[in-house]
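The chain contents come next:
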Amino acid sequence: MPKFETNPAESNSRSYRELFKRSPNNPILSSKDWPYAANTVFNPAAIRYNGKILLLARVEDHRGFSHLTKAVSEDGITNWSIDHKPTLEPDLENHPEEIWGIEDPRITWVEELQRYAVIYTSFSKGGPLVSMALTKDFETFERLGPIMPPEDKDAALFPRRINGKWLLIHRPIPAYRGPGAHIWISRSNDLYHWGEHQIIIPARQGGWWDANKVGLNTPPLETPEGWLILYHGVRQTSAGAIYRLGLALLDLENPCRVLRRSDEWVFGPREPYEREGDVSDVVFPCGWVLDEKTGEIKVYYGAADTCIAMATTQLQDLLEYIKKCPEPKANG
Ligand code: BMA
């Protein structure tokens, strides 16, 4: 008998349970599938590449440091072909900020550059910061280095310039945590220098599931209704934190304008592999892949900071759901 059958709070909730369907193959990947020794594999970026699904997984070694390794599959569920050594690992000579590992990548195809932008967290001596690398083939990478100073993580690039500027979503943590850790957008002309910083999704306060700390999960997905994102809210309890996911819709031409934000979380830890692991009660996607023909979205997530799981949903269902959500209030 698993220690946790279901999370009773979740199984009683009606509003969102049909939105995401967990794969019966979950967890689809874990350290036992890895071709070399690893403690855990989790929080993967995901993208369609050469007609297949490519995951760039965070792999934690037995020192506790992370690197990124790719896994490729035809159906995105089975028969993964996994690199036999790290695909992108810390480059300590040229990038000392990567000293304690690189984590939680998000990938965006950037048509203008004819490159994939990989945005990841570098665990530097000064704390976690946001780094960027470009690649054409997921074999060789051109590093741009740190683009946001610590403490900052959970970042992704928009796929095209908007009103002439590149846009980055990210989540700085203020030293004075009183007001909370919020989701921001910053703008750049050259991808190196970022400014015009603005909060877009503030952490709520008090009893909310996403009080005090929120962060981006999946890179913005362009839809006719707006940019869709999944973000996490961190609920602190006396037993530890619970990482759950909410949905938001950003204006197409001004993504700093949040059109809709879900009041309720739309996905949260329920299954034993999500509830028990190195860090219990965490679901943490870093990528989703839309099938343009069927409208199905595959969401790839780290479960309990230990393994990789997948859930499917329909773009149409997400849009119908989010359009019924309220427009965000200034002070939730
Ligand atoms: C966040 C990130 C994630 C991790 C989560 C839960 O701050 O560091 O990598 O999955 O915490 O531990």
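Each remark here, short or long, concerns the structure printed above.
Figured I'd write up the structure that's included with this text. Values in this document were obtained by computation on a predicted structure and should not be read as measured data.

### Some thoughts on the sheet that holds strand β2 (residues 40-49)
Right, on to step 1. Sheet architecture is open: 4 strands sit in the order β2-β3-β4-β5, paired in antiparallel fashion. Both outer strands of the open sheet, β2 and β5 (81-82), are each paired with one neighbouring strand and no more.

### Section: the site of the ligand
Right, on to step 1. The environment of the ligand is formed by N43, R58, D104, K153, Y243, V279, V282, F284 and D305.
Right, on to step 2. In the model, an oxygen atom of the ligand is placed 3.0 Å from a nitrogen or oxygen of the K153 side chain.
Right, on to step 3. For the ligand, whose accessible area on its own is 310 Å², the fraction buried by protein is 86%.
Right, on to step 4. When the residues that make up the shell around the ligand are grouped by side-chain class, the tally is 4 nonpolar, 1 polar and 4 charged.

### Notes on the pattern of salt bridges
Right, on to step 1. Scanning all chains against the criterion turns up 22 salt bridges.
Right, on to step 2. For D83, the salt bridge is made with K70, and the minimal N-O distance between the two is 3.1 Å. Of this pair, D83 sits in the loop between β5 and β6 (102-110) while K70 sits in strand β4 (residues 66-73), placing them 13 residues apart in sequence.
Right, on to step 3. For K70, a relative accessible area of 8% puts it in the buried group.
Right, on to step 4. E196 is the salt-bridge partner of K165, the closest N and O atoms lying 2.7 Å from each other. Residue K165 is found in the loop between β10 (152-157) and β11 (166-172), and its partner E196 is found in strand β13 (residues 195-201); the two are separated by 31 residues along the sequence.
Right, on to step 5. On the basis of relative accessibility, which here comes to 23%, the residue K165 falls in the partly exposed class.
Right, on to step 6. Overall, the relative accessible area of 44% leaves E196 in the partly exposed class.
Right, on to step 7. It is possible to trace a salt-bridge network through shared partners that takes in R204, D210, R261 and D263.

### Examining helix α3 (residues 315-324)
Right, on to step 1. Among the residues making up α3, those that are buried are L315, L318, L319, Y321 and I322. Projected onto a plane normal to the axis of α3, the buried residues spread over an arc of 165° and lie on a single side.

### Brief notes about the sheet that holds strand β1 (residues 21-22)
Right, on to step 1. Judged by pairing direction, the sheet is antiparallel, and its 4 strands sit side by side in the order β1-β21-β20-β19 without closing on themselves. Looking along the sheet, the strands with just one partner apiece sit at the ends: β1 and β19 (283-290).
Right, on to step 2. Of the strands in this sheet, β19, β20 (296-303) and β21 (307-314) touch α3, which is tilted by about 75° from β21.

### Looking at the side chain of S124
Right, on to step 1. Tracing the sequence through the fold places S124 in strand β7 (residues 115-124).
Right, on to step 2. Classification of S124 by relative accessible area gives buried; the value is 5%.
Right, on to step 3. Only 3.0 Å separates the side chain of S124 from the backbone nitrogen of G126, close enough to count as a polar contact.
Right, on to step 4. What S124 contacts, discounting residues up to four positions off in sequence, is E97, I99, W100, L129 and P150.

Thresholds, definitions, all that
Residues numbered from 1 in each chain as written. Predicted model: local features only at pLDDT ≥ 70, side-chain atom pairs only at ≥ 80, totals over all residues. Heavy atoms only, no water. Pairing = 2+ DSSP bridges. Helix = DSSP H or I, 4+ residues; strand = E, 2+ residues; numbered from the N terminus. Near = heavy atom within 4 Å. Polar contact = N/O pair within 3.5 Å; in protein donor to acceptor, adjacent residues only side chain to side chain. Areas by Shrake-Rupley, 256 points an atom, 1.4 Å probe, with all protein chains shown as cover. Nonpolar A, V, L, I, M, F, W, Y, C, P; charged D, E, K, R; others polar. Salt bridge = Lys/Arg side-chain N within 4 Å of Asp/Glu carboxyl O. Buried < 20%, exposed > 50% of the residue type's maximum accessible area, 1.4 Å probe, protein only. Arc of directions from axis to C-beta. Contact = heavy atoms within 4.5 Å. Axes fitted to C-alpha atoms, helices over the stretch in contact; angles between N-to-C directions.

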